[in-house]
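Residue-level structural notes
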Amino acid sequence: TKLARKYDAHLIGLFVIPGIVVTPSFGFYIPGEILEVYRNACLEVGQKLEQAFNKAIEAGGVNSSEFRTVEAADQADALPVIEHGRMADLIIIGQSDDERDGSTARELRERVLLEAGRPVLFIPYIGTYDKIGEQVLVAWNARREAARGAFDALPLLKDAKNVRVHWVNASDEDEQNNLPGAELAATLSRHGVNVQAEGTVARGISVTDELLGRAADFGCDLLVMGGYGHSRTRELVFGGATREILNHMTLPVLMSH
């Protein structure tokens with residue numbers, strides 16, 4: 001609500017009723033009465049969420065808002081979020097706890113990030129965040145996704161008190177992509193961003209730990225970065241900075257793909 005009030009934005013709350021998963025190999029029939037009971041139970045949850053949403057809207061002083069309830073084809077169906085998200089300037093999703101929420105929540109966040117075509121702001125499930133975007137760390141590796149992230153976040157960067165463009169292990173990148181973060185900082189500066197650039201060499205720790213550590217050192221309240229710079233298959237099989245950040249994030253993260 002704070003971002004919506006600050007930018008006089010129209011805030012949409014989206015509640016998706018998940019479908020019931022039926023494994024074809026079992027071949028059993030779900031009576032209509034059970035489906036109706038399930039749907040009504042979901043609607044009750046949605047009504048409670050709508051009440052909480054409206055209460056937050058009123059307390060946050062948001063001028064324009066709406067709450068939508070839609071139905072999905074199955075529990076892992078991210079299509080409603082993707083379709084509605086494509087019409088928005090920014091998608092906001094809470095970080096999932098993989099141990100608690102399982103693979104369904106992980107698949108949702110990954111598909112939305114990859115397919116919606118809009119920047120996604122992930123909020124950690126632990127902690128409260130009264131300020132977002134005053135002290136910003138922009139992760140830079142000169143790739144397409146990093147550029148998308150930086151410029152998708154430009155409205156926030158313009159209003160930030162301090163922005164740091166940070167690249168890790170620049171010499172490890174392909175030479176054609178090894179454009180220093182100072183060049184990005186100069187471009188952002190021409191847009192009125194209060195920005196500085198720096199690079200570090202991290203040996204013995206992951207890029208994720210380096211970025212989160214730097215964000216903590218500088219008291220950052222937002223990390224901006226590209227999502228899935230390599231193919232999704234490679235990320236899913238071998239892991240990567242995107243998934244590690246989403247699993248271990250300690251501050252809000254704005255990602256673009």
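The preceding data block contains the structure.
Figured I'd write up the structure that's included with this text.

1. Considerations on the overall build of the protein
Tallying secondary structure elements over the protein gives 10 helices and 9 strands in all. For the protein, the proportion of its 257 residues judged to be buried stands at 40%. Residue pairs in contact within the protein that sit at least 24 positions apart in sequence constitute 80% of those at least 6 positions apart. Per element, the accessible surface of the protein, about 14,000 Å² overall, is 50% carbon and sulfur.

2. With respect to the side chain of Gln-95
Mapped onto the secondary structure, Gln-95 falls in the loop between strand S3 (91-94) and helix H4 (98-115). Judged by its relative accessible area of 8%, Gln-95 falls in the buried class. Those residues in contact with Gln-95 that sit more than four places away from it in its chain are Ile-123, Pro-124, Tyr-125, Leu-246, Asn-247, His-248 and Met-249.

3. Remarks on unusual backbone geometry
For Asp-8, which is not a glycine, the phi torsion comes out positive at approximately 50 degrees. You can see Asp-8 is positioned in the loop between helix H1 (2-6) and strand S1 (10-17). A positive phi angle, close to 65 degrees, is found at Ala-142, a residue other than glycine. For Ala-142, the location among the structural elements is in the loop between strand S5 (135-139) and helix H5 (144-152). Owing to a relative accessible area of 18%, Ala-142 belongs among the buried residues under this scheme.

4. Side note on H5
Taken as a whole, H5 has its buried residues at Glu-145, Ala-146, Gly-149 and Ala-150. Burial along H5 is one-sided: seen end-on, the buried residues are contained in an arc of 135 degrees. Packed against the buried residues of H5 are S5, helix H6 (154-159), helix H7 (181-190), strand S8 (222-226) and strand S9 (253-256).

5. Quick notes on the pairing of S5
Taking burial as the measure, the 5 residues of S5 include 4 buried ones, the bulk of the element. With 5 bridges connecting them, S5 and strand S6 (residues 162-168) associate as parallel partners. If you follow Ala-139 over to S6, its bridge partner there is His-166. Where S5 and S8 come together, 3 bridges link them in parallel fashion. Note that in S8 the partner of Val-138 across the bridge is Val-224.

6. With respect to the pattern of salt bridges
The full count for this structure, using the stated rule, is 10 salt bridges. One salt bridge in this structure joins Glu-110 and Arg-243, with 2.6 Å as the shortest N-O distance. Of the two residues, Glu-110 is situated in helix H4 and Arg-243 in helix H10 (residues 241-248); the sequence distance between them amounts to 133 residues. The two residues Glu-110 and Arg-243 agree in class, both being buried. Its salt-bridge partner being Glu-145, residue Arg-144 comes within 3.0 Å of it at the nearest N-O pair. When salt bridges that share partners are traced, they join Arg-164, Glu-198, Glu-210 and Arg-214 into one network.

7. Brief notes about the sheet that holds S5
The strand order across the open sheet formed by 7 strands is S3-S4-S9-S8-S5-S6-S7, and the pairing between neighbours is mixed. Of all strands in the sheet, those bounded by a partner on one side alone are S3 and strand S7 (195-200). Taking the axes of each pair of neighbouring strands and ignoring which way they run, one obtains an average angle of 25 degrees across the sheet. Here H7 sits on the sheet and contacts S5, S6 and S7; the angle it forms with S7, its principal contact strand, is near 170 degrees.

Criteria and cut-off values
- Residues numbered from 1 in each chain as written.
- Predicted model: local features only at pLDDT ≥ 70, side-chain atom pairs only at ≥ 80, totals over all residues.
- Heavy atoms only, no water.
- Helix = DSSP H or I, 4+ residues; strand = E, 2+ residues; numbered from the N terminus.
- Buried < 20%, exposed > 50% of the residue type's maximum accessible area, 1.4 Å probe, protein only.
- Contact = heavy atoms within 4.5 Å.
- Areas by Shrake-Rupley, 256 points an atom, 1.4 Å probe, with all protein chains shown as cover.
- Arc of directions from axis to C-beta.
- Pairing = 2+ DSSP bridges.
- Salt bridge = Lys/Arg side-chain N within 4 Å of Asp/Glu carboxyl O.
- Axes fitted to C-alpha atoms, helices over the stretch in contact; angles between N-to-C directions.

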